[in-house]
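Residues per chain, in single letters:
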Amino acid sequence: MDYVKVKWIVEVLILFQLIPAILCWGDAGHFATCKIAETYITEATANAVKELLPVSANGELAAVCSWPDLPAIRKGYSWSRELHFADTPDYKCTYDYRRDCRNAANLENRCVVAAIYNYTLQLESGYRHYGAEFKYNLTEALMFLSHFVGDLHQVQLLHSLYISDFLGDLGGNRVMVHWFNETTNLHRVWDDAIIDTALERYYGSNLTVMIEAITSNMTDDWLREINLSEACHHSACPNQYAAESVSYACEYAYKNATNETQLNDDYFHSRLPIVEKRLAQGGMRLATLLDQIFGAKLRMRKSYLPFKA
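From a predicted model like this one, the values you see are computed outputs, not experimental measurements. (Residues numbered from 1 in each chain as written. Predicted model: local features only at pLDDT ≥ 70, side-chain atom pairs only at ≥ 80, totals over all residues. Heavy atoms only, no water.)

Caption draft 1: How the structure looks around the overall build of the protein chain. Across its full length, the protein chain carries 12 helices and 3 strands. Accessible surface computed for the protein chain: about 14,000 Å², of which carbon and sulfur atoms make up 52%. (Helix = DSSP H or I, 4+ residues; strand = E, 2+ residues; numbered from the N terminus. Areas by Shrake-Rupley, 256 points an atom, 1.4 Å probe, with all protein chains shown as cover.)

Okay, here's the thing in C-alpha cells:
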C-alpha cells in the first residue's frame, strides 16, 4: 500500500475516533457486536487483535467496527460496496449461496458471505503461513471481517443493501412505515430505530449499559444456537448465519409491516428481543471466529504487519 493511501486511511480513522456523538445507531449495532466479542475472546486473541489495530483505535476493536461504512471508505473502496449484502429474491425466505451471492453483473462470490470467508482466510494465512511473500493488509482484513459478521447477524440486515435484501423493495427502503410518530422506512427501523428506541426507553441512552444487559441476559437457547459453527467444519460459518437472518426477516421484519403500516409498541416489544439476540449471537460468533483464527502458536513476522496509525 502506498504512503498517500495509508495516510488517507489513518486520517479517516482518527476523525472517526473524534466524532462518536454523531454516529448513527447502525454504528451502535456494530459497536455492540464487537464489544461483546471483545468480552469473550481469549487473552492471546486480544493481544493479536490489538497488534493489528491502528493506534487511533486505542486498543478497542469496537471503535473501528463501523469503519467499512464510513462514506470516505465506501467511496475509496468502491469495490467493497457489494460485499455488504446478498440479494435474496422477493418473498424467498431461504438463503442459497449460488443463487444469492452474486452482484448486479451476475458475478459469483460477490456478497457478504463470500467476504467473510475471504477475510477469514486472509487473516489465517497472515497469522499462520509466514513462509512466502505476503500481500494482504491484515488491519483492513480484521476491520472488514468484524464489520461483516455484524452485518450478517442484523435480523433483516436492511442496511442500504444487506442480506435479505428483497430485490423488489431494496431491502425495505421502499416500504414506508410510521414508527411511532415518525415516518420512515422498514430498512431504518431494523437498522437503527429499534435500538434507538430501546436505548432511550430502557438504558438511559447509554450503549454500554445496553451491552451489559444483553450479555447478562443470554439464554441457553441463544448459546446453543451460537454453537452452530461446530457443525459446518470451517472457521467461519456465514452460510448458516445468513439463512438464519433471512428466516428472521420473513418471520419478524416483514410480518405485519407493509406500506403505510403504523408500527407501535406491539411491533417494538416483540422485535426488540430478536435484535438483542442477534447482537449477542453476532458478538459471540465473532469471538469464536477470532479465537480460531489467532489460535495457532505461530507468530506473525513483523514484516507482515500492515500500517500503524
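Caption draft 2: Local environment of the nonpolar core. If you look at the biggest cluster of nonpolar residues, it comprises 50 residues, and the most contacted ones within it are L61, L123, L145, L290 and F294. Contributions of two or more residues to this core are made by helix 2 (25–40), helix 3 (43–52), helix 6 (112–128), helix 7 (138–153), helix 11 (238–253) and helix 12 (265–293). Ranked by residues supplied to this core, first place goes to helix 7 with 9 residues. Once residues lying within four places of it in the same chain are set aside, the contact partners of L61 are C34, E38, V49, L53, L142, S146 and L290. (Core = buried A, V, L, I, M, F, W, Y, C linked by side-chain atoms within 4.5 Å. Buried < 20%, exposed > 50% of the residue type's maximum accessible area, 1.4 Å probe, protein only. Contact = heavy atoms within 4.5 Å.)

Caption draft 3: Main features of the side chain of K277. Mapped onto the elements, K277 comes out in helix 12. Under the relative-accessibility criterion, K277 is labelled buried at 11%. Residues contacting K277, with those up to four places away along its chain left out, are W222, E225 and Y248.

Caption draft 4: Broad picture of the side chain of R271. Turning to its location among the elements, R271 is positioned in helix 12. In this structure the side chain of R271 is engaged in a polar contact, spanning 2.8 Å, whose partner is the backbone oxygen of Y252. At 3.0 Å, the side chain of R271 forms a polar contact with the backbone oxygen of K255. Once you skip the residues sitting within four places of it in the chain, R271 turns out to touch W190, I194, Y252, K255 and N256. (Polar contact = N/O pair within 3.5 Å; in protein donor to acceptor, adjacent residues only side chain to side chain.)

Caption draft 5: Highlighting the sheet that holds strand 2 (residues 182–185). As summarised here, the arrangement of the 3 strands in space is 2-1-3, forming an open sheet in which the pairing is mixed. Looking at strand neighbours, the two that pair on one side only are strand 2 and strand 3 (262–263), the edges of this open sheet. Note: strand 1 (residues 176–179) against strand 3, 2 bridges, orientation parallel. Within strand 3, the position partnered with W179 by the bridge is L263. Strands in contact with helix 8 (residues 186–202) are strand 1, strand 2 and strand 3; relative to strand 2, the strand with the most contacts, it is inclined by about 130 degrees. (Pairing = 2+ DSSP bridges. Axes fitted to C-alpha atoms, helices over the stretch in contact; angles between N-to-C directions.)

Caption draft 6: Geometry of helix 7. Compared with the 22 Å implied by 1.5 Å per residue over 16 residues, the 23 Å span of helix 7 between its first and last C-alpha is a close match. Most of helix 7 is tucked away: 16 of the 16 residues are buried. Its side-chain oxygen 3.1 Å from the backbone nitrogen of T139, N137 forms the N-cap of helix 7. (Expected span 1.5 Å × (residues − 1).)

Caption draft 7: Summary view of the state of the cysteines. The final tally for this structure, using the stated rule, is 3 disulfides. Each sulfur of the disulfide joining C34 and C65 lies 1.8 Å from the other. Because the torsion about its S-S bond is -95 degrees, the bridge between C34 and C65 counts as left-handed. One end of the pair, C34, is in helix 2; the other, C65, is in the loop between helix 3 and helix 4 (71–76), with 31 residues separating them in the sequence. For C34, a relative accessible area of 1% gives the class buried. Here C93 pairs with C250 through a disulfide, and the sulfurs are 2.1 Å apart. Residues C93 and C250 are joined by a disulfide whose S-S torsion is about -95 degrees; by sign, that bridge is left-handed. In this pair, C93 is assigned in the loop between helix 4 and helix 5 (97–100) and C250 in helix 11, connecting sequence segments 157 residues apart. (Disulfide = S-S within 2.5 Å.)

Caption draft 8: Spotlight on the packing of aromatic side chains. Under the counting rule described, the total for this entry stands at 16 aromatic pairs. Relative to F148, the ring of Y119 has its centre 6.3 Å away and its plane inclined at 35 degrees; by these criteria the two rings are tilted. Within this pair, whereas Y119 is found in helix 6, its partner F148 is found in helix 7, the two being separated by 29 residues in sequence. Between Y248 and Y252, the aromatic rings sit 5.8 Å apart at their centres with planes inclined by 35 degrees, giving tilted as the arrangement. One end of the pair, Y248, and the other, Y252, are both in helix 11, 4 residues apart, so they sit about a helical turn from each other. The exposure class of Y248 is buried, given its relative accessible area of 11%. Taken together, the ring pairs in this structure connect W179, F180, W190, Y202, Y203, Y267 and F268 into an aromatic cluster. The lysine or arginine in question, R271, covers the ring of Y267, its NZ or CZ lying 4.1 Å from the ring centre. (Phe/Tyr/Trp six-rings, centres within 6.5 Å; stacked < 30°, edge-to-face > 60°. Lys NZ or Arg CZ within 6 Å of the ring centre and 35° of its normal.)

Caption draft 9: Quick look at helix 9 (residues 207–216). Residues of helix 9 that are buried: L207, M210, I211, A213 and I214. The arc enclosing the buried residues of helix 9, seen along the axis, measures out at 160 degrees, which places them on a common side. For helix 9, the N-terminal cap is N206; the gap from its side-chain oxygen to the backbone nitrogen of T208 is 3.0 Å. (Arc of directions from axis to C-beta.)

Caption draft 10: Expanded view of the packing of helix 11 against helix 12. At their nearest, the axes of helix 11 and helix 12 sit 12 Å apart, and the two run at 175 degrees to each other. In terms of axis orientation, helix 11 runs roughly antiparallel to helix 12. Each of Y241, E244, S245, Y248, Y252 and A253 in helix 11 lies in contact with helix 12, whose residues at this interface are Y267, R271, I274, K277, R278, Q281 and R285. Looking at the contact of helix 11 with helix 12, its residues break down into 6 nonpolar, 2 polar and 5 charged. (Parallel < 35°, antiparallel > 145°, perpendicular 65-115°, else oblique. Nonpolar A, V, L, I, M, F, W, Y, C, P; charged D, E, K, R; others polar.)

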